[in-house]
Amino acid sequence: MHEPDGPGRDAGPVIALVPAAGRGVRLGADAPKAFVPIGGVPMLGLAVSGLMAAGVVDEIIVMVPAQLVEATAALLPPAAPARIVAGGAERTDSVRAGLANAGDAAYVLVHDAARALTPPTLIARVVAELRAGHRAVVPALPVVDTVKTVDSAGVVTGTPDRSALRAVQTPQGFAADVLRSAYEHPEAATDDAGLVERLGIGVRTITGDPLAFKITTPLDLRLAEAVLDGKQVVGRC
Ligand code: C5P
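What counts, and where the lines are drawn
Residues numbered from 1 in each chain as written. Predicted model: local features only at pLDDT ≥ 70, side-chain atom pairs only at ≥ 80, totals over all residues. Heavy atoms only, no water. Helix = DSSP H or I, 4+ residues; strand = E, 2+ residues; numbered from the N terminus. Rg over C-alpha atoms; globule rule 2.2 N^0.38 Å. Buried < 20%, exposed > 50% of the residue type's maximum accessible area, 1.4 Å probe, protein only. Contact = heavy atoms within 4.5 Å. Areas by Shrake-Rupley, 256 points an atom, 1.4 Å probe, with all protein chains shown as cover. Pairing = 2+ DSSP bridges. Salt bridge = Lys/Arg side-chain N within 4 Å of Asp/Glu carboxyl O. Expected span 1.5 Å × (residues − 1). Core = buried A, V, L, I, M, F, W, Y, C linked by side-chain atoms within 4.5 Å. Lys, Arg positive; Asp, Glu negative; His and termini not counted.

**Student:** Quick question: what am I supposed to make of the overall build of the protein chain here?
**Tutor:** For the protein chain, the helix and strand inventory stands at 7 helices and 12 strands. The C-alpha atoms of the protein chain give a radius of gyration of 18 Å, which matches the 18 Å a tight globule of 237 residues would have. Across its three principal axes, the protein chain shows a C-alpha extent of roughly 50 × 40 × 40 Å. Here the protein chain holds 237 residues, and 45% of them are scored as buried. Within the protein chain, contacts between residues separated by at least 24 positions form 70% of all contacts whose residues are at least 6 apart in sequence. Of the accessible surface of the protein chain, which amounts to about 11,600 Å², a share of 56% is contributed by carbon and sulfur atoms.

**Student:** I keep staring at the pairing of strand β4 (residues 59-64) and nothing clicks. Help me out?
**Tutor:** Two faces make up the sheet, and in a regular strand the side chains alternate between them. Judged by how many residues are buried, β4 sits mostly within the fold: 6 of 6 residues are covered. Taking every second residue as pointing to the same face, both faces of β4 are buried, with Glu 59, Ile 61 and Met 63 on one and Ile 60, Val 62 and Val 64 on the other. Relative to β4, strand β1 (residues 14-19) is paired through 5 bridges, and the arrangement is parallel. In the strand pairing of β4, Ile 15 is matched with Glu 59.

**Student:** Honestly, the environment of Arg 23 in this entry has me stumped. Any pointers?
**Tutor:** Residue position: Arg 23 is located in the loop between β1 and β2 (37-38). Residue class for Arg 23 comes out exposed when judged on its relative accessible area of 67%. Linking Arg 23 and Ala 34, residues 11 residues apart in sequence, is a C-alpha distance of 8.4 Å. Non-local contacts of Arg 23, meaning those with residues more than four positions away in its chain, are made with Ala 31, Pro 32 and Lys 33.

**Student:** Help me out: how do you make sense of the pattern of salt bridges in this one?
**Tutor:** Opposite charge on two side chains allows them to pair when their charged atoms are near. In total, this model carries 8 salt bridges according to the counting rule given. In this structure, Arg 91 and Asp 112 form a salt bridge, with 3.0 Å as the shortest nitrogen-oxygen distance. Of this pair, Arg 91 sits in helix α3 (residues 91-99) while Asp 112 sits in the loop between β6 (107-110) and α4 (120-131), and the two are 21 residues apart along the sequence. Residue Arg 91 is classed as partly exposed on the basis of its relative accessible area, which comes to 22%. Across the pair Asp 177 and Arg 135 runs a salt bridge whose closest N-O atoms are separated by 3.6 Å. Of the two residues, Asp 177 is situated in helix α5 (residues 176-182) and Arg 135 in the loop between α4 and β7 (136-142); the sequence distance between them amounts to 42 residues. Asp 177 sits in the partly exposed class, given a relative accessible area of 44%. Relative accessible area serves as the criterion here: at 23%, Arg 135 is assigned to the partly exposed category.

**Student:** Would you explain helix α1 (residues 43-54) in this entry?
**Tutor:** In an α-helix, one turn spans 3.6 residues; hence positions three or four apart end up facing the same way. Given a rise of 1.5 Å per residue, 12 residues ought to cover 16 Å, and the 17 Å separating the end C-alpha atoms of α1 matches this to within 8%. The buried count for α1 comes to 9 of 12 residues, which makes it a mostly enclosed element. After α1 finishes, the residue Gly 55 shows a positive phi value of roughly 75°.

**Student:** Hey, could you run me through the nonpolar core in this one?
**Tutor:** Buried together is how nonpolar side chains tend to be arranged in soluble globular proteins. Ranked by internal contacts, the top residues of the largest apolar core, which has 28 residues, are Leu 44, Leu 51, Val 57, Ile 60 and Leu 109. Of all the elements in the fold, those that place two or more residues in this core are β1, α1, β4, β6 and α4. Among the elements that take part in this core, α4 stands out by supplying 5 residues, more than any other. The next biggest cluster of nonpolar side chains, apart from the first, holds 24 residues, and it includes Val 108, Val 178, Leu 179 and Ala 182.

**Student:** Can you walk me through the side chain of Asp 220 in this structure?
**Tutor:** Along the polypeptide, Asp 220 turns up in helix α7 (residues 218-236). One buried charged side chain, Asp 220, makes no salt bridge at all; its nearest oppositely charged neighbour is Lys 33, positioned 7.1 Å away. Beyond its immediate sequence surroundings of up to four residues, Asp 220 is in contact with Phe 213, Lys 214 and Ile 215.

The structure is reproduced here in structure tokens:
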């Protein structure tokens, strides 16, 4: 078992950074991905609602394309404790821009707008682990497919042991000083924990949730619509 490794039991504000500045080319929509609606609500609005519903987040900073900073406020839930700032060319640039505005944070969550249906209970579990003293916490699920590595010609070079693989989700949670140190390095990474790992800091995984899937392709969008539709039907019963 991975024991808590930091002094992070103190109370302190939790700030959530929501990267929403991607173009979402794989989704093939007209709008940037985070602005595409599901059940009539933009993904970004759903993601911010989920963070608020978790009841453990003090402030939310969303990073959007520079030209959409002004228009974004109207898309967020009323009374969201949110600030909106311009993101950057790569996801790491967007997170760095958010982090520069999170001066007061004791803990930082980084939560993709594209994981719009993430259950609030998962968000609360990540924060509970941080408050218990773990300095880097990511939700993860076992990988169901067999995964291959390939060379530039597409020829298989290896088959990693599937039992040791995990697909990671967001929110990824960090003691604020840990994430700041990680972002002092200029390298890009596809997730924030990847930068923290390079510092040699242990990253704890907790059990993720299938509903925290990243909406990336048109099929994902249909799945998200169906999930929301099902919830509304259940809610009416
Ligand atoms: O492209 P990908 O699906 O990995 O993006 C994950 C999240 O990062 C999305 O919510 C996207 O809007 C955000 N992002 C960003 N700035 C970028 C690229 C992606 O905020 N330059």
